[in-house]
Amino acid sequence: MKILFVSLGCDKNLVDTEYMLGILGNEGYAFTDDEQEADIIVINTCCFINDAKEESINTILEMAEYRESGNCKALIVTGCLAQRYQEEIEKEIPQVDAILGTNSYDAIAEAVKNVLGGSHYENFKTLEGLPAVSAKRSLTTGGHYAHLKIAEGCSKHCTYCIIPSIRGDFRSLSDVVAQAKELAASGVKELILVAQETTLYGIDLYGEKSLYRLLDELNKIEGIYWIRILYCYPEEIDDKLIASIKRNEKVCHYLDLPIQHADDIILKRMGRRTSQADLRSIVTKLRSDIPDIALRTTLICGFPGETEKEHESLMYFINEMEFDRLGAFTYSPEEDTPAAAFDDQVDEKQKSVWQQEVMELQEEIIIDANERMIGRELYCMIEGQVSGENTYVGRTYRDAPDIDGYIFIDTDETLMSGDFVKVRVTGAYEYDLIGEIA
């Protein structure tokens, strides 16, 4: 039996997919990337914003056609959309044979056996605790880097976010170090720490925020060269965490700070726990204590109640802070969230205008920043080779895979994905760099 997996959404969802691949691999199933030859199709869905929801629905409908008239004998839907819209999926898409909630991906083998036996299958555990998975993950990232999920859920309850209702409250994973050692033994060189909020790691295990402790332990693992931290809520960054980043040489001087906005009025309406002064203070402190740190952030444009005044406040902040990496998205009203019921929703066209202005400003900032990189020497990880050319694609410590930029290296040397080489920056594009072997 051949199984096709379609994993949608964030890297945290991808980790769940990799565990399901590992579970089914242990059961003897083979895998394919061809819809026409798949006996079973599994779709791990996302519904964080409306675009993600539409992508998930369209993918299910597309795969349902193979269930209806193709080789496919079973269609299984898992993940966030399944958790949130179980009844709607059952009613509107009868071709779906099994539905698993976000906390039930460990039941994937049982689901496959049941549907192949002719039974409809559902599994929705309470959003407490964590799935118990003994199977080794089947990595989909090439093997030289891997995402390491250190916690599940979120307890912040921001007014625009549905994560607590589909993933549950925050809960730390207790076996993170053991997972990391297993990944290192399989050849992984870069660990990318992910959670809905990494900064609170361990608060439920040890009674205090303990990401700093985790970094100390991960730094000891042989074979790991880089440890990268994503999804750090700025208000939870403290001196212990900063000191740990500084003392552990494997921890990249890179932090992802999802601030979402910088105007105090909008931050309050979002239910965020920071002010512009707080954000300014933590960015200043990080750059003072770790001068070469690369800071990434994400922003929401057009949140309910936002006017030109709040938008200009955000633009001024971006211009002043000069984030090294920045992504901006238009606000998406999600049903059953407080913000979706706010009266002062912003026109879609206006949202897009503000998003474009933010990204145009960031483009100016990053062009200037990249030009200042010329002449610097940095270690980078090789990701691959440009087809038909003596040009390799790499990432520096300043670049997370798939979301940040690359450095293009011309060389006659033979390099492999996962190799580390020292590179001198010789030129810059808008978002990427050009380099040569140093």
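Up top is the structure these notes are about.
Rules of the game
Throughout, residues of each chain are indexed from 1 in the direction in which the sequence is written. Two thresholds apply to this predicted model, a pLDDT of at least 70 for residue-level local features and 80 or more for giving and counting side-chain atom pairs, whereas whole-chain, interface and lining totals are computed over all residues. Neither water nor hydrogens contribute to the side-chain values; these are computed over all heavy atoms in the structure. For the purposes of this entry, the term helix denotes a DSSP run of H or I that reaches at least four residues, the term strand denotes a run of E that reaches at least two, and both are numbered from the N terminus. Here the globule rule is a power law, 2.2 Å times the number of residues to the power 0.38, and the radius of gyration is based on C-alpha atoms. Contacts between residues were defined by any pair of non-hydrogen atoms, one from each residue, lying within 4.5 Å. Areas reported as accessible are Shrake-Rupley estimates using a 1.4 Å probe. Residue values count occlusion only from the protein chains shown. In this charge count, Lys and Arg are treated as positive and Asp and Glu as negative; neither His nor the chain ends contribute. Charge positions come from single atoms, namely NZ of Lys, CZ of Arg, CG of Asp or CD of Glu. Exposure is judged per residue with a 1.4 Å probe applied to protein chains only, and the accessible area is read against the type maximum: over 50% gives exposed, under 20% gives buried, and values in between give partly exposed. Only strands joined by at least two bridges in the DSSP assignment are considered to pair. To obtain an axis, a line is fitted to C-alpha atoms, over the contacting stretch when the element is a helix, and the angle between two such axes runs from 0 to 180 degrees between their N-to-C directions. One speaks of a salt bridge when a side-chain nitrogen belonging to Lys or Arg is within 4 Å of a carboxyl oxygen belonging to Asp or Glu.

Undergrad: Could you give an account of the overall build of the chain, with specific residues and numbers?
TA: Regarding its fold elements, the chain presents 14 helices and 19 strands. Taking 22 Å as the expected radius of gyration for a compact globule of 438 residues, we find that the chain reaches 22 Å, a close match to that expectation. Sequence separation of 24 or more characterises 72% of the internal contacts of the chain that already satisfy a separation of 6 or more. As presented, the chain carries roughly 18500 Å² of accessible surface, and 46% of it is formed by carbon and sulfur atoms. One way to put it: in the chain the 43 positive side-chain charges average out to a point 6 Å from where the 79 negative ones average out.

Undergrad: Residues and numbers for unusual backbone geometry, please.
TA: A negative phi holds for most residues other than glycine; trans holds for most peptide bonds. The backbone phi angle of Tyr231 is positive, close to 60 degrees, even though this residue is not glycine. You can see Tyr231 is positioned in the loop between β11 (226–229) and α10 (239–247). In the Ramachandran plot, Asp402 falls in the positive-phi region, its phi being about 75 degrees despite a non-glycine side chain. Mapped onto the secondary structure, Asp402 falls in the loop between β16 (391–396) and β17 (407–410). The class for Asp402 is exposed, based on a relative accessible area of 64%.

Undergrad: Would you mind going over the sheet that holds strand β5 (residues 98–100) in detail, with residue names and values included?
TA: Strand order in the open sheet made by the six strands is β2-β1-β3-β4-β5-β6, with parallel pairing throughout. If you trace the sheet from one side to the other, it starts and ends with β2 (30–31) and β6 (121–123), each paired once. Note: strand β1 (residues 2–7) against β2, two bridges, orientation parallel. Residue pairing for β2: Ile3 is matched across the bridge by Phe31. Each of β1, β2, β3 (40–45) and β4 (74–79) touches helix α1 (residues 11–26); the most contacted strand, β1, lies at about 170 degrees to it.

Undergrad: Got a sec to walk through the pattern of salt bridges? Specific residues and values, please.
TA: All chains considered together, the criterion is met by 37 salt bridges. The shortest N-O distance in the salt bridge between Asp404 and Arg296 comes to 2.8 Å. Of the two residues, Asp404 sits in the loop between β16 and β17 while Arg296 sits in strand β13 (residues 294–301), which places them 108 residues apart along the sequence. Across the pair, Arg296 and Asp404 agree in class, each one buried. Asp399 is the partner of Arg325 in a salt bridge, and the nearest nitrogen-oxygen pair spans 2.7 Å. Taken together, the positions of Arg325 in strand β14 (residues 325–330) and Asp399 in the loop between β16 and β17 put the pair 74 residues apart, joining distant regions of the chain. Judged by its relative accessible area of 10%, Arg325 falls in the buried class. Through salt bridges that share partners, Lys156, Glu197, Lys209, Glu235, Glu236 and Asp238 make up one connected network.

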